[in-house]
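Observations on chain architecture
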Amino acid sequence: MATIAARVLPVPVRLGGGRHLVERNFLLYRRSWVVFISGFFEPVFYLLSIGIGVAQLVGSFTLSDGTTIAYAAFVAPAMLASSAMNGAIFDSTYNIFFRMKYAKLYDSILATPLRPWDLATGEVTWALLRGAIYSAMFILVMLAMGLVSSWWALLALPAAVLIGFAFAGAGMALTTFMRSWQDFEFVQLAIMPMFLFSATFYPVETYPGAIRWLVEITPLYQGVVLERAFTTGTVDWFLLVHALYLAALGTFGMYVASRRLGKLLLK
Amino acid sequence: MALAVENGRRMFDYWLTVYKRTWKGTMITSFLLPMLYLAAMGIGLGSFVDSNGTGALGGVSYLQFIAPGLLASTALQIAVGEATYPVMSGLKWQKFYHSMIATPLRPADVVYGQLGFIAFRVLSSCAVFLVIIALFGGLDSPLGVLGLPVALLVGMAVASPIAAFATTLENDSGFAMVFRFGVVPAFLFSGAFFPVSQLPNWIEWLAYVSPLWHAVDLSRGLSLGTVNPWLALGNLVYLLTWFLVGTWLAVRGFTRRLIG
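For clarity, every value in this text was computed on a predicted model and none was experimentally measured.

With respect to empty space enclosed by the protein
Residue and element names in this part refer to chain A. Under the counting rule described, the total for this entry stands at four cavities of 30 Å³ or more. Approximately 80 Å³ is the volume found for the largest cavity. What lines the largest cavity is a set of 13 residues, and nearest its centre among them are Ala 84, Gly 131, Ala 132, Ser 135 and Gly 164. Only α5 (71-102), α7 (116-144) and α8 (156-175) provide two or more residues apiece to the lining of the largest cavity. Looking at the lining of the largest cavity element by element, the count peaks at six residues for α7. In terms of residue class, the lining of the largest cavity is made up of eight nonpolar, five polar and no charged.

Right under this line is the structure:
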């Protein structure tokens, strides 16, 4: 029934074409599931290294509201946010660029009834599904290591998906401006400092005024604040602002990406 | 022997010509990334470690503790990078190795030239990084300069077996595994960021197997002036063994892949 409706209705009314792209990616990765699964290990290695090793050197941390937590419990939510960022960026930059420029996948897809917006929603949905699986596994590891101290942690997974959404949208939009693989150095140039300095390894209060302000406007910082609040249970209304920031970034990215894809491929 | 050196030199010349066109792209991964790690971990996190007492680190600041470790890790990462995709490209994608052995060059010369270029990359990048470390105040003693030859050695100890491994692959998905289960855990658990004695016993033993631990141990001993000559000799022999066996395997792999 649904298929008949999809075929009879005129194209613009047929929303949700992105699911075909999700199905396509699913079929593709069924054959290389080892690569897929192994993506989960990297953040866990970081968590173990810093949570077991460096934590013994640091001792415990006192948060801004006066509570004291173990260093591992401080770093773990930041690792969760960073891995959500990394996964989304990888899927939405390298993979998209390859499909766009070399595999010419989108040229063939746009020859079907699918539109650029379907490309954007489909690829972003795929990145989010994949990221959600990794994040869920990571949260389970945190639980097993005793690094979760609040029921608010139930929101850690949706928050990770939101971080993924923000970076997948932004990454995809930026990818449409890339000229060659060399340009991906700029992606590294943005990602690595965020990973190292966005209050991931120590509190943002460590920085002097102007630098602190610079850190606070990065999207990863927004994500780290969200995740840390949920896993430690220090929740307040201001978190909504961080969530809105991420949602807006992702939506704007997807809009730019679909506009650019249309311009590049449907000339 | 003289022929091998002469042929290897010609191969190296080829790589330098290529590098003259591509060096800009390597700046970020070679210098900026380790420098950012040095700043974030050494200075940022270091202030918390140091305020917690430096007893566990043998009385030096956290920056001075991780600097030799980061130098060795940087060498490892550059070497692995140069021994994976470029080798695959020469064998499979661009096939420039095939054109090389159509000249009087033999597969062994191709290997020596390739390894020579990796040595050049590791040495030049690590020399600059060492200067940066010194400017940050990360060197505890002038002997820390000896971390440079150690960095070169660990680079070669991993580059040669990985180049050999690359000759056995049909596509690059094997490299993802090398990075995920080799390079990243080595980086995180080889004592660069904390003493490996803090690890659970079985992981501690895994760390001793990793060539990176031997390089970190050696260059930290030199930099902090706590080096034990017998242990240092053991580190050196272990790294040299990896390099020599790796080179032998690489020559065999290249020969099999290029001539059959």
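After presenting the structure, the write-up continues.
Notes on the interface of chain B and chain A
Counting residues at the interface gives 32 residues for chain B and 30 residues for chain A. At the boundary of chain B with chain A, total buried surface from both sides reaches about 2,900 Å², with 77% on carbon and sulfur atoms. Its largest share of buried area at the contact with chain A, chain B owes to Phe 48, Arg 180 and Gln 198 of chain B, together 20% of the area lost on that side. At the surface where chain B touches chain A, the tally comes to zero salt bridges. Applying the counting rule to chain B against chain A returns two residue pairs in polar contact (both at pLDDT 80 or more). Contributing elements (two or more residues each) for the side of chain B that touches chain A: α1 (2-51) and α6 (173-189) of chain B. Among the residues making up the side of chain B that touches chain A, the classes are represented as 25 nonpolar, six polar and one charged.

Some remarks on the UniProt feature "transmembrane region" (unreviewed entry) in chain A
All names here are of chain A. Sites flagged by UniProt as "transmembrane region" (unreviewed entry) map to residues 33-57, 69-90, 124-145, 151-174, 186-204 and 237-257. Between the C-alpha atoms that bound residues 33-57 there is a distance of 37 Å. The span itself is 92% helix and 0% strand. Here residues 124-145 is 95% helix and 0% strand, with 31 Å between the C-alpha atoms at its ends.

What to know about the nonpolar core
The tendency in soluble globular proteins is for nonpolar side chains to be buried as a group. By size, the foremost hydrophobic cluster in this structure holds 180 residues, and its most contacted members are Tyr 71 of chain A together with Tyr 37, Tyr 62, Tyr 97 and Phe 193 of chain B. If we skip the residues at most four places from it in the chain, Tyr 71 of chain A touches Ile 50, Val 54, Ala 55, Val 58, Gly 59, Ser 60, Phe 61 and Phe 201 of chain A together with Leu 45 of chain B.

Topic: the packing of aromatic side chains
This model, assessed by the stated rule, comprises 34 aromatic pairs over all chains. Ring pairing ties together the aromatic residues Phe 12, Tyr 14, Trp 15, Tyr 19, Phe 96, Tyr 97, Phe 117, Phe 120 and Phe 254 of chain B, which thus form one cluster. Cation over ring: Arg 260 of chain A sits above Phe 177 of chain A, and NZ or CZ is 4.0 Å from the ring centre.

Calculation criteria
Residues numbered from 1 in each chain as written. Chains lettered and ligands numbered in written order. Predicted model: local features only at pLDDT ≥ 70, side-chain atom pairs only at ≥ 80, totals over all residues. Heavy atoms only, no water. 1 Å grid on protein atoms, 1.4 Å probe; cavity = no way out; pocket = protein on both sides within 12 Å on 5 of 7 lines; lining within 4 Å. Points joined across faces, edges and corners; volume = space filled by probe spheres on them. Helix = DSSP H or I, 4+ residues; strand = E, 2+ residues; numbered from the N terminus. Nonpolar A, V, L, I, M, F, W, Y, C, P; charged D, E, K, R; others polar. Contact = heavy atoms within 4.5 Å. Buried area = accessible area lost by both parts, 1.4 Å probe. Salt bridge = Lys/Arg side-chain N within 4 Å of Asp/Glu carboxyl O. Polar contact = N/O pair within 3.5 Å; in protein donor to acceptor, adjacent residues only side chain to side chain. UniProt positions renumbered as here; feature names shortened; annotations may be inferred. Core = buried A, V, L, I, M, F, W, Y, C linked by side-chain atoms within 4.5 Å. Buried < 20%, exposed > 50% of the residue type's maximum accessible area, 1.4 Å probe, protein only. Phe/Tyr/Trp six-rings, centres within 6.5 Å; stacked < 30°, edge-to-face > 60°. Lys NZ or Arg CZ within 6 Å of the ring centre and 35° of its normal.

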